[in-house]
Amino acid sequence: MPDQTNVFRVDVGRAGLRVDRVALAEALALLPVGAPVVVMIHGYRFAPGARGGNCPHGHIFSMQPPVQDWTAISWPRHLGLSGGRALAIGLGWQARGRFRGACVRARVAGRALAELAALVQRLDPGRAFDVIGHSLGARVALAALPYANPGDLRRLILLAAAETRRPAMRAMASAAGACVQVVNVTTRENDLFDFLFEWLAGAGLDTAIGQGLRETPANWLDVQLDQPASLAALARLGHDLPDAPARISHWSPYLRPGALGLYQAILDGSLSVQALREALPERRDPRWSRLLAGWQWPLMGRMQRV
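Cut-offs used in this document
Residues numbered from 1 in each chain as written. Predicted model: local features only at pLDDT ≥ 70, side-chain atom pairs only at ≥ 80, totals over all residues. Heavy atoms only, no water. Salt bridge = Lys/Arg side-chain N within 4 Å of Asp/Glu carboxyl O. Buried < 20%, exposed > 50% of the residue type's maximum accessible area, 1.4 Å probe, protein only. Helix = DSSP H or I, 4+ residues; strand = E, 2+ residues; numbered from the N terminus. Arc of directions from axis to C-beta. Contact = heavy atoms within 4.5 Å. Polar contact = N/O pair within 3.5 Å; in protein donor to acceptor, adjacent residues only side chain to side chain.

### What to know about the pattern of salt bridges
Next up, step 1: Using the criterion set out here, one finds 14 salt bridges in the structure.
Next up, step 2: In this structure, R9 engages D11 in a salt bridge whose closest nitrogen and oxygen atoms are separated by 2.8 Å.
Next up, step 3: Taking relative accessible area as the criterion, R9 reaches 42% and is therefore assigned partly exposed.
Next up, step 4: D222 is the partner of R284 in a salt bridge, and the nearest nitrogen-oxygen pair spans 3.3 Å. Of this pair, R284 sits in the loop between α10 (273-279) and α11 (296-305) while D222 sits in strand β8 (residues 220-224), and the two are 62 residues apart along the sequence.
Next up, step 5: Residue classification places R284 among the partly exposed residues on the basis of a relative accessible area of 32%.
Next up, step 6: Residue classification places D222 among the buried residues on the basis of a relative accessible area of 11%.
Next up, step 7: Members of the salt-bridge network, linked through shared partners, are R9, D11 and R18.

As structure tokens, this is what we get:
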């Protein structure tokens, strides 16, 4: 009998999706009515079975990750996915090696994610299927949409997504994209990583979705996690997050205290996306505004003297 306190492991290999279908069916049968499947997807430098703390199943997907790694925080524990409240699935894929190669493999992993969503619906029709992914893991989540059946994926939570606008818009224009709900968590701490991704993955020809979409679909919501107005709105909703301590960070969307609790509320429905949309400010801070904070006034003073 599957242990509902542990994370269900699924990997993407060279031959595609690797999943124990019998064990998955048993786990779904034990899941209470209304409890969702929540798939967690890692980003760059992780791979199933990798040594040196680089296997996601022993790191962020673990209930007890290694304490010596400052980026190792238990996603399933902080998302409240244990105890039968959801079926937590850790999706591992080959995200090591050259960065551009990992970007290509993220597309392949996206197709496997769509296959997993379809499998869950065959085994347990109508079961809600949510996804939370960081960095290239968010790219995997969006890449699944063109291959997924409409309604197979309910919600995507993207954290510091390593993706650009044009492929994201194509994914949202798909049949599954029209049905999914996307919460795109951004932060100006990630501006440098967004900029580097634009050039490493696309020769600077497109803009990262950390800057939002040019034409935002109705089922897409950008949440700038380090914006003072957003933090004030979240506090009014009962999620009091501390201000960002760093000017540059790629991991703050899940390392910042309280952030995973916010995503838990979105996943379990205690905080509706509509309530979040109504509370948040419409405008985001511009790129580099956090990095340049504290420098702009001296610069403006010098410009005025000139």
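### Thoughts on unusual backbone geometry
Next up, step 1: Look at A160: it is not a glycine, yet its phi comes out positive at around 45 degrees.
Next up, step 2: Tracing the chain through its elements places A160 in the loop between β6 (155-159) and α5 (165-172).
Next up, step 3: The exposure class of A160 is buried, given its relative accessible area of 4%.
Next up, step 4: Phi at W288 is positive, roughly 70 degrees, even though this residue is not glycine.
Next up, step 5: With respect to the helices, strands and loops of the structure, W288 is situated in the loop between α10 and α11.

### Describing helix α1 (residues 21-30)
Next up, step 1: Buried within α1 we find A23, L24, A27 and L28. Considered in projection along α1, the buried side chains sweep an arc of 135 degrees and stay on one side of the axis. Opposite the packed face of α1, turned more than 90 degrees from it, sit the exposed residues V22 and A29.
Next up, step 2: Buried residues along α1 sit in contact with β1 (8-13), β3 (37-41), β4 (87-92) and α3 (99-123).
Next up, step 3: Measuring from the side-chain oxygen of the N-cap residue of α1 to the backbone nitrogen of V22 gives 3.2 Å; that N-cap residue is D20.

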